[in-house]
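For reference, the chains in residue letters:
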Amino acid sequence: MPTLSLRNQILLAALLILLLVTTRGHNVMTLEMIPVSTMGLFFLLGVYFRKVWVLTLAFAIVWTMDITGLTWSGNTDFCLSNSYLFLLISYAIYWAGGQLFARLYAGENLKSLKIGRASCRERV
């Protein structure tokens, strides 16, 4: 993946964190949909950001939102148990998968896909 400029990194990080807060908010979505959106956002964070502090910041945001939803919002359908640690580990695995994807992705263009005028003429 191409490296982003500092300005674009800040904008993308702000957008992804805003999406994380919006989709993880307990008033916006049902609890069944929360892991799906959060996993995708952790994967995207892994694709575009190489620093571990971004993962730590995302963990802190998720944990804060979960604790806030449990204690202050009075959300009784949600509980924290010892298995919450495994949820954080799974998010780290999605982030690492994004890191691996970013390292292995070579990019696609018309030449690599063999689509274009030359391939159309060869078929005829």
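None of these values were measured; they are calculated from a predicted model.

(A) Up close: the overall build of the protein chain. The helix and strand tally for the protein chain stands at 6 helices and 0 strands. For the protein chain, the sequential pattern of α-helices and β-strands runs α-α-α-α-α-α. In the protein chain, of all internal contacts separated by at least 6 residues, the share reaching a separation of at least 24 is 71%. Total accessible area on the protein chain stands at roughly 8,800 Å², and carbon and sulfur atoms take up 68% of it.

(B) Inspection of the confidence of the model for the protein chain at higher detail. Looking at the protein chain as a whole, the pLDDT averages 76, with 68% of positions reaching at least 70. By mean pLDDT, helix α6 (residues 117-123) is the weakest element of the protein chain at 52, and helix α4 (residues 84-104) is the strongest at 90.

(C) Up close: the side chain of Thr-38. Looking at where Thr-38 falls in the secondary structure, it is placed in helix α2 (residues 34-48). In this structure Thr-38 touches Leu-20, Arg-24, Val-62 and Tyr-91, once residues within four positions along its chain are discounted.

(D) Structural detail: the packing of aromatic side chains. Tallying each qualifying case throughout the model produces 4 aromatic pairs. Residues Phe-42 and Phe-59 carry aromatic rings whose centres are separated by 5.8 Å and whose planes lie at 40° to one another, so their mutual orientation is tilted. Residue Phe-42 is found in helix α2, and its partner Phe-59 is found in helix α3 (residues 52-71); the two are separated by 17 residues along the sequence. Exposure remark for Phe-42: the relative accessible area of 0% places this residue in the buried category.

(E) Quick peek at a nonpolar patch on the surface. On the surface, a nonpolar cluster with roughly 430 Å² of combined accessible area is contributed by Leu-85, Phe-86, Ile-89 and Ile-93. In this fold, Phe-86 is placed in helix α4.

(F) Local environment of the side chain of Gln-99. As for its placement among the helices and strands, Gln-99 is situated in helix α4. Polar side-chain contacts of Gln-99 include one of 2.6 Å to the backbone oxygen of Phe-49. Look past the residues within four positions of Gln-99 in its chain and what remains in contact with it is Gly-46, Val-47, Phe-49 and Arg-50.

(G) Highlighting the packing of α3 against α4. As a packed pair, α3 and α4 sit with axes 11 Å apart at the nearest point and diverge in direction by 145°. Seen along the crossing, α3 lies across α4 with a hand that is right-handed. Residue-level inspection shows Val-52, Leu-55, Phe-59, Val-62, Trp-63 and Asp-66 of α3 in contact with α4, the latter providing Tyr-84, Leu-88, Tyr-91, Ala-92 and Trp-95. Its residues assigned to classes, the contact of α3 with α4 comprises 10 nonpolar, no polar and 1 charged.

(H) Local environment of α4. For α4, spanning 21 residues, the distance from its first C-alpha to its last is 31 Å, which sits close to the expected 30 Å at 1.5 Å a residue. The set of residues buried in α4 consists of Tyr-84, Leu-88, Tyr-91, Trp-95, Gly-98, Gln-99 and Ala-102. Along the axis of α4, the buried positions cluster into a sector of 100°, meaning they face one direction only. Seen from the buried face of α4, the exposed residues on the opposite side, beyond 90 degrees, are Leu-85, Phe-86, Ile-93, Arg-103 and Leu-104.

(I) Expanded view of the nonpolar core. If you look at the biggest cluster of nonpolar residues, it comprises 18 residues, and the most contacted ones within it are Leu-16, Leu-20, Phe-42, Leu-45, Phe-49, Val-62 and Tyr-91. At the level of elements, α1 (6-24), α2, α3 and α4 are the ones that each hand at least two residues to this core. For this core, the element with the highest residue contribution is α3, accounting for 6 residues. Leave out the neighbours within four places in its chain, and Leu-45 touches Leu-16, Val-54, Ala-58 and Trp-95.

About the cut-offs
Residues numbered from 1 in each chain as written. Predicted model: local features only at pLDDT ≥ 70, side-chain atom pairs only at ≥ 80, totals over all residues. Heavy atoms only, no water. Helix = DSSP H or I, 4+ residues; strand = E, 2+ residues; numbered from the N terminus. Contact = heavy atoms within 4.5 Å. Areas by Shrake-Rupley, 256 points an atom, 1.4 Å probe, with all protein chains shown as cover. pLDDT = per-residue confidence, 0-100. Phe/Tyr/Trp six-rings, centres within 6.5 Å; stacked < 30°, edge-to-face > 60°. Buried < 20%, exposed > 50% of the residue type's maximum accessible area, 1.4 Å probe, protein only. Patch = residues over 30% accessible without salt bridge, like charges linked within 9 Å, V, L, I, M, F, W, Y side chains within 5 Å. Salt bridge = Lys/Arg side-chain N within 4 Å of Asp/Glu carboxyl O. Polar contact = N/O pair within 3.5 Å; in protein donor to acceptor, adjacent residues only side chain to side chain. Axes fitted to C-alpha atoms, helices over the stretch in contact; angles between N-to-C directions. Left-handed = near helix turned anticlockwise from the far one by under 90°. Nonpolar A, V, L, I, M, F, W, Y, C, P; charged D, E, K, R; others polar. Expected span 1.5 Å × (residues − 1). Arc of directions from axis to C-beta. Core = buried A, V, L, I, M, F, W, Y, C linked by side-chain atoms within 4.5 Å.

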